[in-house]
Amino acid sequence: MNGLSFSAGSRRWLAALAGMLVLGVFGLPLLMLLLASVAGRWNGVLPSHLTLEHLRGALAGDERLALWHSLATGAAATAFALIQGAWGAIAARRAPARVQRWVDAVFLVPIAIPSVSIGLALLVAFSRPPLLLNGTVSFVILTHVVLITAYAYLNAKAGLARLPPHFEEMAGSLGAPPHMVLVRVTLPLLLPHLLAAAALGFALSMGELGATIMLYPPRWVTAPVEVFALTDRGLIFSGAAVSIVLLACTFAALLLLDRRRPRA
Amino acid sequence: MSAARSAGAAWRPFWLIFPLVALGVALVYPLGLMAAEAFVTPDGGHGLAGFIAVIGGGLFLGALQDTVRIALTATALCMFLGFVLAVLIHFVPFVGARALSRLIDAYLAFPSFLIALSLTFLYGNAGIFGAVGTSSGSSFLYGFWGVVLAEVSYYTPFVMRPLLAAFDTLDHAQLEVASSLGETPFGVLRRVVLPAALPSLLAGGSLCLLLTINEFGIILVMGVKDVTTLPMLIYGKAIEQFDYPGASVVALCNVALSLSLYFGYRRMLDRLPA
């Protein structure tokens, strides 16, 4: 049983309190966003003149383009980040502890420092020769790769630490060359962790604002930048509608990746 | 296990070259150039003049102070609220508590600036509480406490997750012994649960501190005017004034602050029982 012996009455009170706190802190904001996305006007306590206009607007014109840009950026950046992160984790796996600590440190820097300063660093570095990328779509994708690779690396590393211990050695002792062990044994065993990394990376990329806003080209506005642009112009209901669609896309992608994941 | 592994296959440094070169080009080289940019003087040469002018300026010191004040306040509140919620979810089982803790995991992947947007509808000039209590024009939302409120709503789960994991490893027999010896539930919490979960609480708190120091989206989308944080100052200098050297000075200091916090946090994690 569990160790705190509250009386039945206080237990009920506490459960109600927990439910209310959680709903109030985490549920209410989401509900507000949903309400605002269908609000025609919001002058009183609750919105009035409910309308689907904003949501329809979020699926047309510039807003639809921004969502597409976010989806494309997220997919491309996730793919590159997975390769880079998993490669790094696998290559560093059997290294001496001292080397591993250094590799960890370099890979994890983007988690530790503010995304705005990563954006600034990339802007400073790639606006001049020899690597002139500023103004291109690949610059945005590169930025997202830099930001989310750390999570792919972390997930892959955690996965490698939990691999069933003897499969790879058995394959090796049966005569499989190292690349075959990697492709036939290690990677398939690692797959659930890689999919989890992909889901997290994609979600983070879809919501990335701090670095993107430093360097996006005008023809590649992403959905979070669009939300900021809309709300900054006072179009808060349209901003809410784009956010709702953005959240829905992210959530759908997470579900899709979760269903693909083989159950352990 | 590691002995068995090294018997199976040796480490081949060659394969580490590719990812490290990629990281070098995409991360280390830009950060290095940014650091160099921080020491560019207004006349185009190199020197400490620009750096010292920014560091000593009121704008930077004000932003540093605001950043630290907001982060410390939000982190303290996150740790308190996170502890209370984690205890309630773990020890007072109610319908949906399991689903709830899985929902918290999903919550961590959502962008923070959406919280700012939704609080606008909750407490802003138009919005539920804005409409109830307002005669004065501007809400508290566009100042210090608004940012703190948004950050607490967003970052509390980052404290709850390690706490819930720690509670799962608690020895419940020990708790029962304590309560059968006459401790009240709150006594058990204070004398048994809190000390056992303290490392996790501190680890979650320092992650929270790091993330709130780095937070940008919330403050940008909220349109806060009274307070400026370091990331906002970087954005303002670089994008609104095209002052890359000035922005680089601020960014360099922010990176130094964040990295030292981060490595402190990692060290703390290493000491946690797995």
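Residues numbered from 1 in each chain as written. Chains lettered and ligands numbered in written order. Predicted model: local features only at pLDDT ≥ 70, side-chain atom pairs only at ≥ 80, totals over all residues.

### A few points about helix H6 (residues 137-161) of chain A
All names here are of chain A.
And then number 1: For H6, which comprises 25 residues, the first-to-last C-alpha distance of 36 Å matches the rise-based estimate of 36 Å (1.5 Å per residue) to within 8%.
And then number 2: At Ile148, H6 shows its maximal kink, close to 40°.
And then number 3: Summarising burial for H6: 19 of the 25 residues are buried, a large majority. (Helix = DSSP H or I, 4+ residues; strand = E, 2+ residues; numbered from the N terminus. Expected span 1.5 Å × (residues − 1). Bend = angle between axes of the 7 residues up to and from the residue. Buried ≥ 20, exposed ≤ 12 C-beta atoms within 10 Å, placed from the backbone.)

### Re the interface of chain A and chain B
And then number 1: Taken residue by residue, the interface counts 72 residues in chain A and 76 residues in chain B.
And then number 2: Residue contributions to the side of chain A that touches chain B peak at 17 residues, all from helix H1 (residues 8-37) of chain A.
And then number 3: Taken together, the residues that form the side of chain A that touches chain B break down as 52 nonpolar, 16 polar and four charged. (Contact = placed C-beta atoms within 7 Å. Nonpolar A, V, L, I, M, F, W, Y, C, P; charged D, E, K, R; others polar.)

### Quick look at the environment of Gln174 of chain B
And then number 1: The residue Gln174 of chain B is located in helix H9 (residues 172-180) in this model.
And then number 2: Judged by the 14 C-beta atoms lying within 10 Å of it, Gln174 of chain B falls in the partly exposed class.

### Regarding the confidence of the model for chain B
All names here are of chain B.
And then number 1: Per-residue confidence for chain B gives a mean pLDDT of 84, with 87% of residues at or over 70.
And then number 2: Considering only residues more than four positions removed or in separate chains, one finds that residues 1-8, a stretch of pLDDT under 50, has eight contacts.
And then number 3: Interface confidence for the predicted complex, given as ipTM, is 0.87, next to a pTM of 0.89. (pLDDT = per-residue confidence, 0-100.)

### Here we look at the packing of helix H10 (residues 185-214) of chain B against helix H13 (residues 244-271) of chain B
Residue and element names in this part refer to chain B.
And then number 1: Relative orientation of the contacting elements H10 and H13 amounts to 165°, with a least axis distance of 10 Å. Between H10 and H13, the interaxial angle falls into the category roughly antiparallel. Regarding H10 and H13, the two cross each other, and that crossing is left-handed. Contact residues: Pro199, Leu202, Ala203, Ser206, Leu207, Leu209, Leu210, Ile213 and Asn214 in H10; Leu257, Ser258, Leu261, Tyr262, Gly264, Tyr265, Met268, Leu269 and Arg271 in H13.
And then number 2: Residues belonging to the contact of H10 with H13 are distributed by class as follows: 13 nonpolar, four polar and one charged. (Axes fitted to C-alpha atoms, helices over the stretch in contact; angles between N-to-C directions. Parallel < 35°, antiparallel > 145°, perpendicular 65-115°, else oblique. Left-handed = near helix turned anticlockwise from the far one by under 90°.)

### Comments concerning the nonpolar core
And then number 1: Among the nonpolar cores identified, the biggest contains 162 residues, and Leu120 of chain A together with Ile218, Ile234 and Val250 of chain B are the most heavily contacted of them.
And then number 2: What Ile234 of chain B contacts, discounting residues up to four positions off in sequence, is Val116, Ser117 and Leu120 of chain A together with Ala247, Val250, Ala251 and Asn254 of chain B. (Core = buried A, V, L, I, M, F, W, Y, C linked by C-beta atoms within 7 Å.)

### Concerning unusual backbone geometry
If a residue is not glycine, its phi is most likely negative; likewise, a peptide bond is most likely trans.
And then number 1: Omega for the bond connecting Pro129 of chain A with Pro130 of chain A falls within 30 degrees of zero, at 5°, which places this linkage in the cis form.
And then number 2: As for its placement among the helices and strands, Pro130 of chain A is situated in the loop between helix H5 (115-126) and H6.
And then number 3: With a phi close to 55°, Phe242 of chain B is a non-glycine residue in the positive phi region.
And then number 4: Taking the number of C-beta atoms within 10 Å as the measure of exposure, Phe242 of chain B has 9 and is therefore exposed.

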